[in-house]
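Commentary on secondary and tertiary structure
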There are 2 protein chains.
Amino acid sequence: MSSSISPLAPTNVPDMPAIAGVKLATAAAGIRYKGRTDVLLAVMDQGTTVAGVFTLSKCPSAPVEWCRAKLGRSKSSRGGLARALVVNSGNANAFTGKSGRQATALTAAIAAKALGCHPHEVFLASTGVIGEPLDATKFDGVLGSLAAQAAPGEWMGAARAIMTTDTFPKVATATVKLGKARVTINGMAKGAGMIAPDMATMLAFVFTDAPIAAGALQSLLKAGVDDTFNAVTVDGDTSTSDTLLAFATGSAAAAGAPRISRAGDPRLKAFTKAFRAVLADLAEQVARDGEGARKLVEIIVEGAVSKKSARRIAMSVANSPLVKTAIAGEDANWGRVVMAVGKAGEPADRDRLSISFNGIRVAKSGARDPSYDEAEVSSAMKNPKIQIRIALGLGKGRDRVLTCDLTKEYVAINGDYRS
Amino acid sequence: MSSSISPLAPTNVPDMPAIAGVKLATAAAGIRYKGRTDVLLAVMDQGTTVAGVFTLSKCPSAPVEWCRAKLGRSKSSRGGLARALVVNSGNANAFTGKSGRQATALTAAIAAKALGCHPHEVFLASTGVIGEPLDATKFDGVLGSLAAQAAPGEWMGAARAIMTTDTFPKVATATVKLGKARVTINGMAKGAGMIAPDMATMLAFVFTDAPIAAGALQSLLKAGVDDTFNAVTVDGDTSTSDTLLAFATGSAAAAGAPRISRAGDPRLKAFTKAFRAVLADLAEQVARDGEGARKLVEIIVEGAVSKKSARRIAMSVANSPLVKTAIAGEDANWGRVVMAVGKAGEPADRDRLSISFNGIRVAKSGARDPSYDEAEVSSAMKNPKIQIRIALGLGKGRDRVLTCDLTKEYVAINGDYRS
């Protein structure tokens, strides 16, 4: 694991308020790491609704399959209820075959016993090494004492317990009015490597005391993820374990918050915006903690034939090793950007293409911008945040993707650490 | 540019025989590099046929557009004739707008004048930095004296003149019977970075004295490229300049070689095999000289639902930064291989998947192989050639792709050198 904190880590870490109906506790269960917490238990009040989006990998982890099945089950019964979330770091319980499925069932059973709920109300996520059996008996005892210790305010500790190669814990919070009540949204995430979209990337958990029905929560989550977690890539590699879960305890109903049954409910407007902002904040922190990252890179594509086409082009640029290494080298190498646009397979006309780095246009109409001053751009490239704006001049499609540079440290981290 | 030769460079460099009807000469025109050759002129006898495959990039270089147009033109007229090939390194003449098109026209005009042929019989390729105007007036004088100097045997010098970040010149040769005559096939290539398939990758030129009509040569080339150059990737980045041209002088007709008008002609069987072997040899050398490469990696996918599906899965593994860094770290991290299979989006059943590294099975039926001995595999991973065999157990689709590992040197080369 990396020892030093990413130079792109946020300088202001928010105070995380408690959320009525959510209690947290962490422990060092010795899953893989020594001397640090690696298990998180979140306990939710009865009536908490849950929604989730997951990796599109064809080889998902056992916990992803568990959560998908429980969400599917709950749709047909009482509607997406959750009492607990158990997360461990150090072992992803992925590609562990039958023993992996047994481990998820055992973990849920242990948690359910400790909390007096049904196993299908227990949601699970695991992150860490793939292909190693997860010894779920390690949770026996641990989860019982965590259930007893769980307290409202342990958000930073919770975010720390789910880290792997992350160099800083990732949290975000927002408070917003829902009807006459103030409701809170807290989120945490872990990321760092094996980060590419195609669903909620990596592990992220969002909690609110707003009373939102499971179906509405699922719609909110799905809509919110597209331009946040799905618009972030570190290395184009999609984890087998990517999981984003949202929990709504409904406790704010006691303070007068209206019960929301539809995502389109106009009373939910401010909440939806704040919910999306929490997702965007967490997603950006994932890019800021990309393995070995020294630069946060924002790719904006405009003038594409559609938003979808703009997304594909932006992702082609964001995942290009040659673009990413150029940025690591503080080189405004727009020729590589052209290359990455060209290989995306989407409509693009070289002779209409314009490219800017941090607001300085370096290429227009298919050639170098006559006003392009190498020294000015070189100076701009020293900035820790690099914005690449690509104007295609074909249509109105626009999109934005976040990534980071590709450094020798990425290679070092991934050539040494088995994740 | 890298100073030391790739540890994966072939130890036996073939003696390159002359090819009747082909003369070569190189010069240092000072395009970008100092103190090294950077222009190659190949002069072909009258009646030489030509075929080509090119990058699928939507933003191709000016020379790619030039060659495509000339091949297209010749189809409708006298059928794919070439008298000259001019290649320069140091500047790709890509994304250079109108001045790029003028540079190609001027280069062809200068060569045509020097040789007394038509400009549309002159084929062009450029490699190097993108987006910088190419000063074609530098070819004036140079091409004239090259035409005078051109001689049959300068193959290694020619291969050296077209290098950019390559650490060794890439040549291959084969001699084979066609009818009663012996015919020769010589090839050269340059690669190193920005290497991904979707056509002939990078620059490669193949010459033969066999008398093969342009249409038949085009068919041979297209068929030959799929499992050779298109099955190689270094970094998943597709160049705007990728060009593979084949020239057939027909000189062997004088020695009794039959004139071939169809690629399916049974007399061409041995030739086709040898031609493909030359392409395969050059393509493997490109992977062996991948920027920063320390390991040649062969990915074999079997049991996929189709060859196409197998190719996509193999490419997903070959382009995964996490798989490539694990190999650089000599870690048989099959979990990352599972990840890369899973993200390919192709049919795959985790519970049927088997994975071997250099013949040692590490995973089967969706979990770690019980017989998997970490020490034995670790030792095998020290080999400079790594074979990853992935058995999906779904169908009969099979494919093979070559790549290399991802090292800190790749980042260093591409963070410093503007290519």
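This section reports on the structure supplied with the text. The shown structure was predicted, so the numbers you read here are calculated from the model rather than taken from an experiment. (Residues numbered from 1 in each chain as written. Chains lettered and ligands numbered in written order. Predicted model: local features only at pLDDT ≥ 70, side-chain atom pairs only at ≥ 80, totals over all residues. Heavy atoms only, no water.)

**Digging into the overall build of chain A**
The condition is simple: Starting at the N terminus, helices and strands are each numbered in turn, a helix being any DSSP run of H or I of at least four residues and a strand any DSSP run of E of at least two. Only the C-alpha atoms count toward the radius of gyration. The rule for a globule is 2.2 Å times the residue count to the power 0.38. A 1.4 Å probe rolled over the protein chains alone gives each residue an accessible area, and that area as a share of the maximum for its type sets the label: buried under 20%, exposed over 50%, partly exposed in between. The method behind every accessible area is Shrake-Rupley, applied with a 1.4 Å probe, and residues are considered shielded solely by the protein chains displayed. Under the convention used here, Asp and Glu are negative, Lys and Arg are positive, and both His and the chain ends fall outside the count. For the purpose of locating charges, the reference atoms are NZ of Lys, CZ of Arg, CG of Asp and CD of Glu.
The secondary structure content of chain A amounts to 11 helices and 15 strands. In terms of overall size, chain A behaves like a compact globule, its C-alpha atoms giving a radius of gyration of 22 Å where 419 residues would be expected to give roughly 22 Å. Dimensions of chain A along its principal axes, counting C-alpha atoms only, are 70 × 50 × 35 Å. Residue burial in chain A is summarised as follows: out of 419 residues, 63% are buried. Here chain A displays about 14400 Å² of accessible surface, and carbon together with sulfur accounts for 50% of that area. A gap of 6 Å separates the mean positions of the 51 positive and 37 negative side-chain charges of chain A.

**Quick word on the packing of aromatic side chains**
Each aromatic ring pair is described using two quantities: the centre-to-centre distance and the angle formed by the ring planes. All names here are of chain A. Short version of the rule: Aromatic pairs are defined between Phe, Tyr and Trp rings, using the six-membered ring for Trp, whenever the two ring centres lie within 6.5 Å; interplanar angles under 30 degrees are classed as stacked, those over 60 as edge-to-face, and all others as tilted. For a ring to carry a charge above it, either NZ of a lysine or CZ of an arginine must fall within 6 Å of the ring centroid while also lying within 35 degrees of the normal to the ring plane.
Evaluated as defined, the whole model comprises 10 aromatic pairs over all chains. Measuring from ring centre to ring centre gives 5.2 Å for F207 and F247, while their planes differ by 20°; the resulting arrangement is stacked. Residue F207 is located in strand β8 (residues 203–208), and its partner F247 is located in strand β9 (residues 243–248); the two are separated by 40 residues in the primary sequence. Judged on exposure class, the residue F207 and its partner F247 are both buried. Among the aromatic residues, ring-to-ring pairing joins F123, W155, F207 and F247 into one connected group. For the cation-ring pair, K70 lies above W66, with the distance from its terminal atom to the ring centre recorded as 4.0 Å.

**A word on the interface of chain A and chain B**
The test is simple: Between two residues, a contact is recorded if the distance between any of their heavy atoms is within 4.5 Å. Two parts placed together each lose some accessible area under a 1.4 Å probe, and the buried area is that loss summed for both. Salt bridges are counted wherever a side-chain nitrogen of Lys or Arg sits within 4 Å of a carboxyl oxygen of Asp or Glu. Counted as a polar contact is a pair of N or O atoms within 3.5 Å, where, for protein atoms, one must be capable of donating a hydrogen and the other of accepting one, and residues adjacent in sequence contribute only when both atoms are in side chains. The residue classification treats Ala, Val, Leu, Ile, Met, Phe, Trp, Tyr, Cys and Pro as nonpolar and Asp, Glu, Lys and Arg as charged. All others, Gly included, are polar.
Taken together, the contact pairs 63 residues of chain A with 63 residues of chain B. Both sides of the chain A and chain B interface together cover about 5000 Å² of buried area, and 56% of this is carbon and sulfur. In this structure, the connection of chain A to chain B is made through 6 salt bridges. One salt bridge in this structure joins B:E132 and A:R368, with 2.6 Å as the shortest N-O distance. Taken together, chain A and chain B are joined by 8 residue pairs in polar contact (both at pLDDT 80 or more). The dominant element in the side of chain A that touches chain B, judged by the number of residues it contributes, is helix α9 (residues 334–343) of chain A, at 8 residues. Classifying every residue of the side of chain A that touches chain B by side-chain character gives 25 nonpolar, 21 polar and 17 charged.

**Some words on the relation of the copies chain A and chain B**
This is how the line gets drawn: In superposing the copies, a least-squares fit is computed on C-alpha atoms, taking residues whose pLDDT is at least 70 in both.
Superposing chain A onto chain B takes a rotation of 180° plus a shift of 0.0 Å along the axis, which leaves an RMSD of 0.0 Å. What the rotation and shift describe, once combined, is the action of a two-fold rotation axis. Within chain A, A:K408 has its C-alpha nearest the rotation axis, a separation of 2.4 Å.

**With respect to the packing of helix α5 (residues 214–225) of chain A against helix α6 (residues 269–288) of chain A**
All names here are of chain A. Where we set the bar: The convention used is that axes are lines fitted to C-alpha atoms, helices contributing only their stretch in contact, and that angles between N-to-C directions extend from 0 to 180 degrees. Roughly parallel here means an angle under 35 degrees, roughly antiparallel means over 145, roughly perpendicular means 65 to 115, and every remaining angle is called oblique. Should the near helix be turned anticlockwise from the far one by less than a right angle, the crossing is left-handed, and should it be turned clockwise, the crossing is right-handed.
In the contact formed by α5 and α6, the axes pass within 10 Å of each other and the chain directions differ by 50°. By the criterion of interaxial angle, the relationship of α5 to α6 is oblique. For the element pair α5 and α6, the recorded crossing hand is right-handed. For the pair α5 and α6, contact is made by L220, L221, G224 and V225 and by F271, T272, F275 and L279, respectively. Tallied by class, residues from the contact of α5 with α6 come to 6 nonpolar, 2 polar and no charged.

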